[in-house]
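Listed here are the chains, written in short residue letters.
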Amino acid sequence: MVGFNVGSVAFNSDGWGPPESSPSSPPLSLPNHPSHVPFAPFSRSDKLGRIADWTRSNYNHPNNRNPNNHRNNPSDSAFDFTGDDSFGLNNPDDDSSFRLVDGKPPPRPRFGPKWRFNPHYHNRNQNQLPQRRDEEVEAKKREAEKERARRDRHYHQNHRSGGAHHHQRREAASLKSSVDIQPEWNMLDQIPFSTFSKLSFSVPDPEDLLLCGALEFYDRSYDRVAPKNSRPLERFKNRNFFKVTTTDDPVIRRLANEDKATVFATDSILSTLMCAPRSVYSWDIVIQRVGNKLFFDKRDGSQLDLLSVHETSQEPLPESKEDINSAYSLSVEAAYINQNFSQQVLIRDGNKVEFEEGNPFANEGEEVASVAYRYRRWKLDNDMYLVARCEVQSVVEVNNQRSFVTLNALNEFDSKYSGVDWRQKLETQRGAVLATELKNNANKLAKWTSQALLASADMMKLGYVSRVHPRDHFNHVILAVVGYKPRDFAAQINLNTSNMWGIVKSIVDLCMKLNEGKYVLVKDPSKPQVRIYEVPADAFENDYMEEPLPEEEQVQPPAEDAEGGEEIAAAMDVEEKEITAEA
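All values derive from a computational prediction rather than experimental measurement. (Residues numbered from 1 in each chain as written. Predicted model: local features only at pLDDT ≥ 70, side-chain atom pairs only at ≥ 80, totals over all residues. Heavy atoms only, no water.)

Undergrad: Please give an account of the overall build of the chain that cites residues and values.
TA: Each helix and strand in the chain was counted, giving 13 helices and 15 strands. By residue count, 43% of the 583 residues in the chain fall in the buried class. Counting contacts in the chain only where the partners sit at least 6 residues apart, residues at least 24 apart contribute 74% of the total. (Helix = DSSP H or I, 4+ residues; strand = E, 2+ residues; numbered from the N terminus. Buried < 20%, exposed > 50% of the residue type's maximum accessible area, 1.4 Å probe, protein only. Contact = heavy atoms within 4.5 Å.)

Undergrad: Account for the nonpolar core, naming residues and giving values.
TA: Across soluble globular proteins, you tend to see nonpolar side chains buried next to one another. If you look at the biggest cluster of nonpolar residues, it comprises 79 residues, and the most contacted ones within it are Phe 296, Leu 386 and Tyr 464. The dominant element in this core, judged by the number of residues it contributes, is helix α12 (residues 497–512), at seven residues. In this structure Tyr 464 touches Leu 410, Trp 422, Leu 426, Val 433, Leu 434, Val 477, Ile 478, Leu 479, Ala 480, Val 482 and Tyr 484, once residues within four positions along its chain are discounted. (Core = buried A, V, L, I, M, F, W, Y, C linked by side-chain atoms within 4.5 Å.)

Undergrad: Go over the pattern of salt bridges with me, naming the residues and quoting the values.
TA: Overall, the coordinates contain 18 salt bridges when judged by the stated rule. The residue Lys 293 makes a salt bridge to Asp 259 at a minimum N-O spacing of 2.5 Å. With Lys 293 in strand β6 (residues 293–297) and Asp 259 in the loop between α4 (250–257) and β4 (263–266), this residue pair connects regions lying 34 residues apart in the sequence. On the basis of relative accessibility, which here comes to 55%, the residue Asp 259 falls in the exposed class. Among the charged side chains, a salt-bridge network with shared partners connects Asp 208, Arg 374 and Arg 376. (Salt bridge = Lys/Arg side-chain N within 4 Å of Asp/Glu carboxyl O.)

Undergrad: Before we move on, could you go through the pairing of strand β12 (residues 459–469) and cite the residues and values that matter?
TA: Counting buried positions along β12 yields eight of 11 residues, so the element is predominantly enclosed. Bridge count between strand β11 (residues 401–412) and β12: eight bridges; the pairing is parallel. Residue Thr 406 lies in a different strand from β12, and its bridge partner there is Met 460. Pairing analysis gives nine bridges linking β12 to strand β13 (residues 472–484), with the strands arranged antiparallel. Of the residues in β13, the one forming a bridge with Leu 462 is Val 482. If you look at the hairpin formed by β12 and β13, you'll find two residues sitting between the two strands. (Pairing = 2+ DSSP bridges.)

Undergrad: Would you mind going over the sheet that holds strand β10 (residues 394–398) in detail, with residue names and values included?
TA: Taken together, the five strands give an open sheet; going across it, the order is β3-β13-β12-β11-β10, and neighbouring strands pair in mixed fashion. Because the sheet does not close on itself, it has two edges, and the strands there are β3 (231–232) and β10. As paired strands, β10 and β11 are joined by five bridges and run antiparallel to one another. Paired with Glu 397 across the bridge in β11 is Arg 402. Across the sheet, helix α6 (residues 327–344) lies against β3, β11, β12 and β13, angled at about 145 degrees from β11, the strand it touches most. Against the sheet, helix α10 (residues 442–454) contacts β11 and β12, and its axis sits at roughly 170 degrees relative to β11. (Axes fitted to C-alpha atoms, helices over the stretch in contact; angles between N-to-C directions.)

Undergrad: I'd like a description of the side chain of Ser 313, backed by residues and values.
TA: Along the polypeptide, Ser 313 turns up in the loop between β6 and α6. What makes Ser 313 buried here is its relative accessible area of 3%. Looking at Ser 313, its side chain comes within polar contact range of the side chain of His 310, at 3.4 Å. Side-chain polar atoms of Ser 313 contact the side chain of Asn 440, separated by 3.5 Å. (Polar contact = N/O pair within 3.5 Å; in protein donor to acceptor, adjacent residues only side chain to side chain.)

Undergrad: Can you lay out the packing of aromatic side chains for me, pointing to particular residues and giving the numbers?
TA: Inspection of the entire model under this criterion finds 12 aromatic pairs. Through successive ring pairs, a cluster of aromatic residues spans Trp 185, Tyr 533 and Phe 540. Sitting over the face of the ring of Tyr 222, Arg 231 holds its NZ or CZ atom 4.3 Å from the ring centroid. (Phe/Tyr/Trp six-rings, centres within 6.5 Å; stacked < 30°, edge-to-face > 60°. Lys NZ or Arg CZ within 6 Å of the ring centre and 35° of its normal.)

Undergrad: Please set out the packing of helix α5 (residues 267–274) against α10 residue by residue, giving values where relevant.
TA: The interhelical angle for the contact between α5 and α10, taken along N-to-C directions, is 125 degrees, at an axis separation of 9 Å. By the angle class used here, α5 and α10 are oblique. For the crossing formed where α5 meets α10, the hand is right-handed. Residue-level inspection shows Asp 267, Ser 268, Leu 270, Ser 271, Thr 272 and Met 274 of α5 in contact with α10, the latter providing Lys 447, Ser 450, Gln 451 and Leu 454. Of the residues that constitute the contact of α5 with α10, the class distribution is three nonpolar, five polar and two charged. (Parallel < 35°, antiparallel > 145°, perpendicular 65-115°, else oblique. Left-handed = near helix turned anticlockwise from the far one by under 90°. Nonpolar A, V, L, I, M, F, W, Y, C, P; charged D, E, K, R; others polar.)

Undergrad: Which residues make up α5, and what are the values?
TA: Among the eight residues that make up α5, eight are buried, leaving the element largely enclosed by the rest of the structure. The set of residues buried in α5 consists of Asp 267, Ser 268, Ile 269, Leu 270, Ser 271, Thr 272, Leu 273 and Met 274.

Undergrad: Tell me about unusual backbone geometry, residues and numbers included.
TA: Of note, the phi angle at Asp 259 is positive, near 55 degrees, even though the residue is not glycine. Even without a glycine there, the phi angle at Asn 400 is positive, about 60 degrees. Looking at the element boundaries, Asn 400 is found in the loop between β10 and β11. The exposed category is assigned to Asn 400, whose relative accessible area is 72%.

Undergrad: Can you break down empty space enclosed by the protein residue by residue, with the values?
TA: Here the structure, examined in full by the defined rule, presents one cavity of 30 Å³ or more. The calculated volume of the largest cavity comes to roughly 70 Å³. Lining the largest cavity are Val 309, His 310, Asn 411, Glu 412, Phe 413, Asp 414, Tyr 417, Ser 418, Trp 422, Glu 437 and Asn 441. Secondary-structure elements contributing two or more residues to the lining of the largest cavity are β11 and α7 (415–418). By residue class, the composition of the lining of the largest cavity is four nonpolar, four polar and three charged. (1 Å grid on protein atoms, 1.4 Å probe; cavity = no way out; pocket = protein on both sides within 12 Å on 5 of 7 lines; lining within 4 Å. Points joined across faces, edges and corners; volume = space filled by probe spheres on them.)

Undergrad: Describe the environment of Leu 386, naming the residues involved and giving the relevant values.
TA: On the secondary structure map, Leu 386 appears in strand β9 (residues 384–392). With a relative accessible area of 0%, Leu 386 lands in the buried category. For the pair Leu 386 and Val 508, spaced 122 residues apart in sequence, the C-alpha to C-alpha distance is 9.6 Å. Those residues in contact with Leu 386 that lie beyond four places of it in its chain are Ala 261, Val 263, Leu 270, Arg 376, Arg 377, Trp 378, Leu 380, Trp 501 and Val 504.

Undergrad: Summarise the pairing of strand β15 (residues 529–535); cite the residues concerned and give the values.
TA: Most of β15 sits out of view: five of its seven residues are buried. Here strand β1 (residues 186–192) pairs with β15 via six bridges, running antiparallel. Residue pairing across strands places Asp 189 opposite Ile 532, the latter belonging to β15.

Undergrad: With reference to specific residues and values, describe the environment of Lys 518.
TA: If you trace the backbone, Lys 518 turns up in strand β14 (residues 517–523). Taking C-alpha positions, Lys 518 is 5.9 Å from Ile 287, a pair spaced 231 residues apart along the chain. With sequence-adjacent residues up to four places away left out, Lys 518 is seen in contact with Val 286, Ile 287, Gln 288, Tyr 533, Glu 534, Val 535, Pro 536, Ala 537, Ala 539, Phe 540 and Glu 541. In this structure the side chain of Lys 518 is engaged in a polar contact, spanning 3.0 Å, whose partner is the backbone oxygen of Ala 539.

This is how it looks when you write it as structure tokens:
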């Protein structure tokens, strides 16, 4: 067996460590002891560890800095001689001969690091540097932004060109059919919106057959309203608004009996057809073929008179119908705002412009809203004429000439949905506010513009009305009123009048080929197309609103005075009572 010579250890009676050599005593000689190596003294408070750990790898190696490996922990040894510069140095007091061995973790940054060490990721790829990981994340973010911008560009191009590729993120509640399709209905045809965008038809200037009603003058002081001097929106509960369908209009009945035209409609129905490619929500129009005449009607209880809000936006609205920001609640609120706005911006001093006949839907002594009905006739073919009832809400007098004005209001319900705060942007960036509204409400603005063109209005006034508080849907303020010429505004939003009339002409031609009877044209709730169904003659006769009115308000008006505006007012009254109850 091989022996192991431990050697002799000198005894130091004067203190710790090996005895010091003196001139009187020879220097201490130990076997296998390197010469000229200084002794590293330590105090009693120092922690002692292993003098040498042969199983330990080099911690300073760049590929071995894994904090989860206990064998690489610098606290395993009080003295770490690997890479110690004290060996071979003549001056032991040099700073480079000492280095701090500290096992404490580094202090955490106060506000958090931009990159946090991930041991799992580090184990998977030890050669991957943290900076490189950040670059990959930033690159992925940039690619995602490019893809999002590409989709937005594609979306806007489709809507500018009249396409109807609406966004797929719309809520299911908003994308339900406006009318329940019954199994006994017979679908005759379906027309994709892509065919509508290619149509074009020019009509000559219309002629006025009759003007009814009375108009009040527009108050120009509202042109100077700004967010800093906004005005509260007033309520006009005593003024009656009428939204009468085509066949219930006594004037249209009279004109039909006089054979003044072949096709009859209202401006709201025509504008719905003209702007159909921009629509996202479902809608329906009842078509009646009586003899050689064609009547376009709205269904009783239809939401055609309600104004859509955020229809063409990419941000989904709450699904619950009871939510104040749901599609239905916002539609009722928008209709309420528009009615009140159209009456508040007038000079209510009793001075009115009276026309040939009074309001055909008002009773004797009844206070009615400021409105004039222009019954106009367009020539669609050699022996085919179209008569439509068009509305204007006010009149202005410039250089002793009277000009007709339409009044409509955009409404802000919550800036979080639109991304633009009107109170901050209306004065400095009005164009950005309008651009956002054109993106979120493309169909509604196009319909308002087409109605102004149908009525040959000289000016269309757009009001910007906002809630006093985002959670209060009953109190509003007028932040600004801006005027536009309808033709200029139509060009700005790429609304082509020839295309509008081309859509109407194609639908009229299609319906004139049908047999006598009743039909319904329905916008598909999920696809950019319309379908035409043949329905029984008594369809929709007993239809009613989805939400019935309270018993005290269920008073049926006479047949010729059916007031669609009362439905809106009643719905708002119900909401007002709910707000009072909550308060």
